[in-house]
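Reading the structure
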Amino acid sequence: MDVRILRSSFAVVERRAEHAVKYFYSHLFWHNPGIRELFPASAEDMERQRDRLFAALTHVVARLDDESLLPYLHDLGRDHRKFLAGPEHYAALGASLLAALARTCGEAWTPTVEKAWSEAYQVIAEAMMAGAAASEDPPWWDAEIVRHLQYGQDIGVLTLRPHAPFPHLPGQYASVSSERVPRTWRTYSIGNAPRPDGTLDLHVSRIEGGRLSTALVREVRPGEALRIGAAGGQLTFRRADRPVTLIAAGTGWAPVRAIVEELAGQPPDQDVRLFVVARDAAHLYDRPLIDEYAAAFGRLGVTYITPAPGQHREQATGRLATALGHRAMWPEQDVYLSGPPPFVEQTVQVLKELGALPGRIFHDSVPAAGTGHGPGGRPLGFGEWFLGRPGPQWHNPSGRAPR
């Protein structure tokens, strides 16, 4: 692939990203009307789909000369089986992508540029189809909801029983779909280590305007069926004989909970510090369980972080930064961090300033694109994104890789 041509032409497209993506889908559905039924029905979900498409394309272009690209494309192809994507769909998508790029580039779309993109897309499509063909997992698992707990209006914990064994590790996540919101998939963290009975807990935070998260938190009932995609992610515990700090914000508690459950079963020889952050005391929905683990697991020290009484909920993350600053030994710590992407990004900076080593800070990959700005386009401050309503997140199927 001619990386220089691809990146220089994509720089033109990036300046008109919204136009490019809308033209892509218009072209795709006009020339392939049967494909429309594979995509979400609502305008809101299609808007998110457009965001994710451009985020994924940006991710690929940024890594054209990176050895991580091929594994990523294999995983992307494996993941797309749950969307019922076949070889004929890859051909249609390629034609519409080239049409959208040509339209957006204008005079910058030369025969040389067209040739470079045609060859690049062929490589991308072949890698994705190879990943799909090589996978031994089913496209999805059917699972029954056997318990549904709701905490307040916006948090739900669903216990699922997959109809076939569902392999996963503590700290991983799964994508989920419900017939209540057809053809829509979202990712949610698994809140438990593997159990003998095969059940798993999904922790869901309702997003304002999010149809699937609203359905999962407020509408679904035991006995209903969901589809779940293959587990992904590498936020798993590394037994390195070093002290450990775990930091969880919001439903980012789910993967950390799974790790704590694993540690309780096989306690390490080193101390474990756990910080649990919430926008108010009511959102510490799993506190009884955390206290139970702390009592049984002698090396586990727990600190709860919420705003002071009567203070704005944003104060919670400021108090977290203060609490972290009062702790020592950061260069010796392995740190596991889970929460909304901007919260993670800001907390990583705090940890580095305190002396934590970048190679020992493990967290989920921050999305390549998202709504990381507030009014007037200013960057969100530390914790603002977390303490407000989260927006849609791009799912990287190569797995929330640790940094």
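Here the structure is shown first, and the text comes after it.
To start, this report covers the structure provided alongside it. Since the model is a prediction, treat every value here as computed from it, not as a measurement.

Moving on, we come to the overall build of the protein. A count of helical and extended segments in the protein gives 12 helices and 11 strands. Within the protein, the proportion of its 403 residues that are buried is 52%. Counting contacts in the protein only where the partners sit at least 6 residues apart, residues at least 24 apart contribute 76% of the total. For the protein, the exposed area adds up to about 18200 Å²; of that, 52% sits on carbon and sulfur atoms.

Strands sit in the order 9-8-7-10-11 across an open sheet of five strands; the sheet is parallel. What marks the edges here is a single partner per strand, and that holds for strand 9 (300-305) and strand 11 (361-363). In this sheet, neighbouring strand axes are inclined to one another by 15° on average, regardless of whether the strands run parallel or antiparallel. Bridge count for strand 10 (residues 334-338) against strand 11 is three bridges, and the pairing is parallel. Counterpart to Val335 in the pairing with strand 11 is Ile361. Against the sheet, helix 8 (residues 253-265) engages strand 7 (244-249), strand 8 (272-277), strand 9 and strand 10, with an angle of about 145° to strand 7. Helix 9 (residues 287-296) contacts strand 8 and strand 9 of the sheet and is inclined by roughly 155° relative to strand 9.

This next bit is on the pairing of strand 7. Taking burial as the measure, the six residues of strand 7 include six buried ones, the bulk of the element. Across the two faces of strand 7 the burial is the same, with Val244, Leu246 and Ala248 and Thr245, Ile247 and Ala249 all buried. Here strand 7 pairs with strand 8 via six bridges, running parallel. Pairing of Val244 across the sheet is with Val272, part of strand 8.

Turning to helix 9, a few remarks are in order. Taken together, the buried positions of helix 9 are Leu289, Ile290 and Tyr293. Here the buried residues of helix 9 occupy an arc of 100° about the axis, which is enough to place them on one side. Exposed and facing more than 90 degrees away from the buried side of helix 9 are Pro288, Glu292 and Ala295.

So, on to the packing of aromatic side chains. A ring pair, where both rings are aromatic, is described by two values, the distance of the centres and the angle of the planes. Under the definition given, this model contains 11 aromatic pairs. Between the aromatic rings of Tyr336 and Phe362, the centroid separation amounts to 5.1 Å while the plane-to-plane angle is 40°, which identifies the pairing as tilted. Pair noted here: Tyr336 is in strand 10 and Phe362 is in strand 11, with a separation of 26 residues, a long-range link. The burial state of Tyr336 is the same as that of Phe362; both residues are buried. Following the ring pairs from residue to residue traces out a cluster consisting of Phe24, Tyr25, Phe29 and Phe39. The ring centre of Trp185 lies 5.1 Å from the NZ or CZ of Lys82, which sits over that ring.

The next thing to look at is the nonpolar core. Ranked by internal contacts, the top residues of the largest apolar core, which has 42 residues, are Tyr25, Leu28, Leu73 and Trp117. Elements with a contribution of two residues or more to this core: helix 1 (3-14), helix 2 (17-31), helix 3 (43-62), helix 4 (69-79), helix 5 (87-105) and helix 6 (111-134). Here the element with the most residues in this core is helix 6; it accounts for nine residues. The contacts of Tyr25, once residues within four sequence positions are left out, are Phe39, Met46, Gln49, Arg50 and Leu53. Residues Ile155, Tyr285, Leu300 and Tyr304 belong to the second largest nonpolar core, which totals 26 residues.

Further remarks concern the pattern of salt bridges. Counting across every chain of the model gives 15 salt bridges. With its nearest N and O atoms 2.6 Å apart, the salt bridge here joins Arg180 to Glu224. Of the two residues, Arg180 is situated in the loop between strand 3 (173-178) and strand 4 (186-189) and Glu224 in the loop between helix 7 (211-219) and strand 6 (225-228); the sequence distance between them amounts to 44 residues. In this structure Arg180 comes out as partly exposed when scored by relative accessible area, which is 39%. Through salt bridges with shared partners, a single ionic network connects Asp154, Arg206, Glu208 and Arg218.

Another point: the packing of helix 1 against helix 5. Direction vectors running N to C along helix 1 and helix 5 enclose 75°, while the axes themselves pass 9 Å from each other. Classified by the interaxial angle, the pair formed by helix 1 and helix 5 is roughly perpendicular. Taking contact as the criterion, the partners of Ser9, Val12 and Val13 in helix 1 are, on helix 5, Leu101, Thr104 and Cys105. Of the residues in the contact of helix 1 with helix 5, the class split is four nonpolar, two polar and no charged.

Our focus in this paragraph is the sheet that holds strand 3. Strand order in this open sheet of six strands is 4-3-6-1-2-5, and the pairing throughout is antiparallel. Taken across any chain shown, the strands that pair with only one partner, and hence form the sheet edges, are strand 4 and strand 5 (200-205). Shown here is a sheet whose adjacent strand axes are inclined to one another by a mean of 45°, direction ignored. Two elements, strand 3 and strand 6, share three bridges in a ladder whose sense is antiparallel. The partner of Ser178 across the bridge, within strand 6, is Leu226.

Turning to unusual backbone geometry, a few remarks are in order. For Arg183, which is not a glycine, the phi torsion comes out positive at approximately 65°. Inspection of the secondary structure puts Arg183 in the loop between strand 3 and strand 4. With phi around 60°, Asp241 is a residue other than glycine that occupies positive phi space. One can find Asp241 in the loop between strand 6 and strand 7.

What counts as what
- Residues numbered from 1 in each chain as written.
- Predicted model: local features only at pLDDT ≥ 70, side-chain atom pairs only at ≥ 80, totals over all residues.
- Heavy atoms only, no water.
- Helix = DSSP H or I, 4+ residues; strand = E, 2+ residues; numbered from the N terminus.
- Buried < 20%, exposed > 50% of the residue type's maximum accessible area, 1.4 Å probe, protein only.
- Contact = heavy atoms within 4.5 Å.
- Areas by Shrake-Rupley, 256 points an atom, 1.4 Å probe, with all protein chains shown as cover.
- Pairing = 2+ DSSP bridges.
- Axes fitted to C-alpha atoms, helices over the stretch in contact; angles between N-to-C directions.
- Arc of directions from axis to C-beta.
- Phe/Tyr/Trp six-rings, centres within 6.5 Å; stacked < 30°, edge-to-face > 60°.
- Lys NZ or Arg CZ within 6 Å of the ring centre and 35° of its normal.
- Core = buried A, V, L, I, M, F, W, Y, C linked by side-chain atoms within 4.5 Å.
- Salt bridge = Lys/Arg side-chain N within 4 Å of Asp/Glu carboxyl O.
- Parallel < 35°, antiparallel > 145°, perpendicular 65-115°, else oblique.
- Nonpolar A, V, L, I, M, F, W, Y, C, P; charged D, E, K, R; others polar.

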